[in-house]
Amino acid sequence: NNNFFIGGHVKPDGDCVSAQLALALFLKRIGKKVFVANRDPVPPLYNFLPGIKNIKKIKDLRRRFDVGFFLDTSNIERTGNIIDLRQIGVVINIDHHVDSIRFADYNLIDPQASSTSELIYLLIKNSKYPIGQNEALCLYTGIVMDTGGFQQLNTTCMTHEVVADLLEEGVKPYYVSQKLYKNKTASELKLMGLSLSTLELDSSGQIVFLKLTNKMYKKAKSSQEETEGLIDYVNLISGVEIIILFKETEKRNVIKVSLRSRDKIDVNNIAKIFGGGGHRKAAGCMIKGTILEVQEKVLKHTRKVLRNYGRSS
């Protein structure tokens, strides 16, 4: 085949973007035509990655492709429905989410993989072509972001073997670290401060939650894309089991909920109750309602999950 489409999920994160870029760079290197697109823009944090400007923001794509890859996307609705699958000759789904649905003609799904970037690495590695340096940089970045800097339970022996090979290709960890963790703007830090001022600890002492409102964005002169890493920063608090970030979106009365788990609780199951999903330790969902209504609803269910876990353990 010659004409390829590469899509990802709405609100693309580091793993999604990095996997898309690495696959696109690889396909172009072997002479294929490639079009990469998502419904939502790429967070500015990843502007240092090679080929980043080639990822288009599109709501309704009216083109035909020989092959379409959907990466890091547990179901087709998560793409934002930017393309009709009937416009694609062969549909391929590559994902590592435990709740991924086999919606494609070919499905490469491995919940044991640290990231979709790790699966793209294996895909390229098992071809007759070597991994290029630019592809290695993207893949390393995706793995770093989806493992929380190799701190989460999805970091495996295989992950470190993959990363070692990527470093052999010339990836500089110091360079990536500078770009990902030491590249905040003043507006981002102001936004973080405003959000942290809303931080509350549940009476159980096991749930901590905070908010991000549109008023905060305006006050900090920040954007929706400048919130990467905020919830993980709150994860530094000792003794907390679940961290929840309630974030207003550009759509009126639509709240994005991000969840993190320290150890015991599978937050993917919490997110699924509200139509979302993700991983055991990191998940999210979109819920209609005001931020206070959504907060009350999610906290009520989360407290119930914690109580049930306490009774069963």
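It should be noted that the structure appears before, not after, this text.
Since the model is a prediction, treat every value here as computed from it, not as a measurement. (Residues numbered from 1 in each chain as written. Predicted model: local features only at pLDDT ≥ 70, side-chain atom pairs only at ≥ 80, totals over all residues. Heavy atoms only, no water.)

Quick notes on the environment of Ile52
So, point 1. In this fold, Ile52 is placed in the loop between strand 2 (33-38) and strand 3 (55-57).
So, point 2. The class for Ile52 is buried, based on a relative accessible area of 12%.
So, point 3. Counting along the chain gives 43 residues from Ile52 to Asp95, while the straight-line C-alpha distance between them is 21 Å.
So, point 4. In contact with Ile52, not counting residues within four places along its chain, are Val17, Leu21, Val42, Tyr46 and Asn47. (Helix = DSSP H or I, 4+ residues; strand = E, 2+ residues; numbered from the N terminus. Buried < 20%, exposed > 50% of the residue type's maximum accessible area, 1.4 Å probe, protein only. Contact = heavy atoms within 4.5 Å.)

Points about a positive patch on the surface
So, point 1. On the surface, Lys11, Lys57, Lys59, Lys251 and Lys288 cluster together to form a positively charged patch.
So, point 2. The topology assignment puts Lys59 in the loop between strand 3 and strand 4 (65-71).
So, point 3. Owing to a relative accessible area of 56%, Lys59 belongs among the exposed residues under this scheme. (Patch = residues over 30% accessible without salt bridge, like charges linked within 9 Å, V, L, I, M, F, W, Y side chains within 5 Å. Areas by Shrake-Rupley, 256 points an atom, 1.4 Å probe, with all protein chains shown as cover. Salt bridge = Lys/Arg side-chain N within 4 Å of Asp/Glu carboxyl O. Lys, Arg positive; Asp, Glu negative; His and termini not counted. Charge placed at Lys NZ, Arg CZ, Asp CG, Glu CD.)

Details of the pairing of strand 10 (residues 254-261)
So, point 1. The buried fraction of strand 10 amounts to seven of the eight residues, a majority that puts the element mostly inside the structure.
So, point 2. Two strands pair when backbone bridges link them, and strand 9 (residues 242-248) and strand 10 are joined in this way by seven bridges, in the antiparallel orientation. If you follow Ile243 over to strand 10, its bridge partner there is Arg260.
So, point 3. The hairpin turn running from strand 9 into strand 10, its antiparallel successor, is five residues long, and Asn253 in that turn takes a positive phi close to 55 degrees.
So, point 4. Where strand 10 and strand 12 (residues 282-288) come together, seven bridges link them in antiparallel fashion. By the bridge assignment, Val257 is partnered in strand 12 with Cys285. (Pairing = 2+ DSSP bridges.)

So, the pattern of salt bridges
So, point 1. Evaluation of the coordinates by the stated rule reveals eight salt bridges.
So, point 2. A salt bridge links Lys125 to Asp165, with the nearest nitrogen and oxygen atoms 2.8 Å apart. Separated by 40 residues along the polypeptide, Lys125 in helix 2 (residues 116-125) and Asp165 in helix 4 (residues 157-168) bring together distant segments of the chain.
So, point 3. In this structure, Glu200 engages Lys211 in a salt bridge whose closest nitrogen and oxygen atoms are separated by 3.9 Å. Placement of Glu200 in strand 7 (residues 200-201) and of Lys211 in strand 8 (residues 207-212) is noted, with a sequence separation of 11 residues between them.
So, point 4. Residue classification places Glu200 among the partly exposed positions, given a relative accessible area of 37%.

Brief notes about the sheet that holds strand 12
So, point 1. Spatially, 7-8-9-10-12-11 is the arrangement adopted by the six strands of the open sheet, whose pairing is mixed. Each having just a single partner strand, strand 7 and strand 11 (277-278) make up the two edges of the open sheet.
So, point 2. Set on the sheet, helix 6 (residues 186-196) makes contact with strand 8 and strand 9; between it and strand 8 the angle comes to about 130 degrees. (Axes fitted to C-alpha atoms, helices over the stretch in contact; angles between N-to-C directions.)

Some remarks on the sheet that holds strand 4
So, point 1. Pairing within the open sheet is parallel, and its six strands lie in the order 3-2-1-4-5-6. The open sheet is flanked by strand 3 and strand 6 (106-109), the only strands paired with a single partner. Geometrically, the sheet is characterised by an average inter-axis angle of 25 degrees between neighbouring strands, direction not taken into account.
So, point 2. Packing of helix 1 (residues 14-29) onto the sheet brings it into contact with strand 1 (3-7), strand 2, strand 3 and strand 4, and relative to strand 2 it is tilted by some 170 degrees.
So, point 3. Contacting strand 4, strand 5 (88-95) and strand 6, helix 2 runs over the sheet at an angle of about 120 degrees to strand 5.

Examining helix 1
So, point 1. The end-to-end C-alpha distance of helix 1 is 22 Å, a good match for the 22 Å that 16 residues give at a rise of 1.5 Å each.
So, point 2. In terms of residue burial, helix 1 counts as a mostly covered element, since 13 of its 16 residues are buried. (Expected span 1.5 Å × (residues − 1).)

Regarding the environment of Val176
So, point 1. Topologically, Val176 is positioned in helix 5 (residues 173-181).
So, point 2. Among the residues examined, Val176 registers a relative accessible area of 1% and is labelled buried.
So, point 3. Beyond its immediate stretch of four places on either side in the chain, Val176 contacts Leu137, Tyr140, Thr141 and Val171.

Some details on the packing of aromatic side chains
So, point 1. Inspection of every chain in the model, using the stated rule, returns eight aromatic pairs.
So, point 2. Between Phe4 and Phe69, the ring centres sit 6.3 Å apart and the planes meet at 15 degrees, which makes this aromatic pair stacked. Here Phe69 lies in strand 4 and Phe4 lies in strand 1, a separation of 65 residues in the sequence.
So, point 3. On the basis of relative accessible area, Phe69 is assigned to the buried category, the value being 8%.
So, point 4. Each ring, one from Phe48 and one from Tyr175, has its centre 6.0 Å from the other, and the planes form 80 degrees; the classification is edge-to-face. (Phe/Tyr/Trp six-rings, centres within 6.5 Å; stacked < 30°, edge-to-face > 60°.)

Let's talk about unusual backbone geometry
So, point 1. Its identity as a non-glycine residue notwithstanding, Asp72 has a phi of 60 degrees, on the positive side.
So, point 2. Looking at the secondary structure, you find Asp72 in the loop between strand 4 and strand 5.
So, point 3. On the accessibility criterion, Asp72 (1% relative accessible area) is buried.
So, point 4. Although it is not a glycine, Asn253 adopts a positive phi angle of roughly 55 degrees.
So, point 5. By the element assignment, Asn253 lies in the loop between strand 9 and strand 10.

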